[in-house]
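Structure assessment
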Amino acid sequence: MKPKAVVLLSGGLDSATSAAQAIADGYDVIALSLNYGQRHDRELLAANQVAAHLKIQDHFVMQVNLAQWGGSALTDPAIAVPTNGAQSDVIPITYVPGRNTVFIAIALSLAEAKNAEAVYLGINAVDYSGYPDCRPEYLEAFQHLATLSSKAGLEGKAPRLVAPLVTDSKVDIVHRALQLEVPISLTWSCYQGGDRPCGVCDSCRIRDRALIEAGRADLATPAGQAFDQ
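Parameters at a glance
- Residues numbered from 1 in each chain as written.
- Predicted model: local features only at pLDDT ≥ 70, side-chain atom pairs only at ≥ 80, totals over all residues.
- Heavy atoms only, no water.
- Helix = DSSP H or I, 4+ residues; strand = E, 2+ residues; numbered from the N terminus.
- Rg over C-alpha atoms; globule rule 2.2 N^0.38 Å.
- Buried < 20%, exposed > 50% of the residue type's maximum accessible area, 1.4 Å probe, protein only.
- Contact = heavy atoms within 4.5 Å.
- Areas by Shrake-Rupley, 256 points an atom, 1.4 Å probe, with all protein chains shown as cover.
- Lys, Arg positive; Asp, Glu negative; His and termini not counted.
- Charge placed at Lys NZ, Arg CZ, Asp CG, Glu CD.
- Pairing = 2+ DSSP bridges.
- Right-handed = clockwise from strand over helix to strand, strands pointing away.
- Salt bridge = Lys/Arg side-chain N within 4 Å of Asp/Glu carboxyl O.
- UniProt positions renumbered as here; feature names shortened; annotations may be inferred.

This part covers the overall build of the chain. Of regular secondary structure, the chain possesses eight helices and five strands. Across the chain, helices and strands are ordered from the amino to the carboxyl terminus as β-α-β-α-β-α-β-α-α-β-α-α-α. Rg of the C-alpha trace for the chain: 17 Å, near the compact-globule value of 17 Å for 229 residues, within the 12% margin. Residues classed as buried in the chain amount to 51% of the 229 residues present. For the chain, restricting intrachain contacts to residue pairs at least 6 apart in sequence, the fraction spanning at least 24 positions comes to 71%. Element-wise, carbon and sulfur atoms account for 51% of the exposed surface of the chain, whose accessible area totals about 11,100 Å². Charged side chains of the chain number 18 positive and 24 negative; the gap between the two group centres comes to 5 Å.

As judged from the six bridges shared by strand S2 (residues 28-35) and strand S3 (residues 58-63), these two strands associate in the parallel manner. Along S3, the bridge assignment pairs Asn35 with Gln63. With helix H2 (residues 42-53) bridging S2 and the parallel S3, this β-α-β connection has right-handed handedness.

Considering all chains together, one arrives at six salt bridges under this definition. With a closest N to O distance of 2.7 Å, Lys170 and Asp14 form a salt bridge. Of this pair, Lys170 sits in helix H6 (residues 170-179) while Asp14 sits in helix H1 (residues 13-24), and the two are 156 residues apart along the sequence. As far as the burial class goes, Lys170 and Asp14 line up, both buried. When the shortest N-O distance is used, the salt bridge between Arg176 and Asp168 registers 2.9 Å. One salt-bridge network, in which partners are shared between bridges, spans Lys151, Glu155 and Lys157.

Below, the discussion takes up the UniProt feature "binding site: Zn(2+)" (unreviewed entry) in the chain. As annotated by UniProt and renumbered to match this structure, "binding site: Zn(2+)" (unreviewed entry) occupies Cys190, Cys198, Cys201 and Cys204. Residue position: Cys190 is located in the loop between H6 and helix H7 (202-213). For Cys190, a relative accessible area of 3% corresponds to the buried category. Apart from the residues within four sequence positions on either side, Cys190 is in contact with His40, Pro197, Cys198, Cys201, Ser203 and Cys204.

Okay, here's the thing in structure tokens:
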């Protein structure tokens, strides 16, 4: 019987690649997606499609409404989504206070309940603007907490937090996704909802640039493809 791993699956490229990596690493994957009050549910639809494509049998979707107190362009419709491009050394307004801390805590609970050995995370510290909860030192601290806060941890069996993409560039992630045969066209990274990615938000810009640099401009948004002309 394969060991189990919980994967936080948002529906974006990074989390889908992390899920595919967990499968390639020999795990029976349990997917966990969170409806946290984000601006749209388009990424949750993508998470369902990616899970089905990767033949993930167990997929939990939980409601955790972080939008009740706002504080982010991703949870408060009154705050405009940035379209000017990410700035170095500036934490953008798309940072959701405490989001990864809440998500990882729930994932650890699921992992312990299901006797999973690992929790795979699609977080990345390279091509974004310094989100505090995407850094390797944050993960190290949370791993220590996992060993102290659970029965499994006290028994020496705390699930490992695995972030296979944390030091990858976005282009590296695209190459890894292609190698793992991730259904990139099914993923959704855009901060906006709708039928098609907007192509102008910071997330679309980062994704398009990486796809173009990796030689897959065909998977970029029309805006990204036009920029590549």
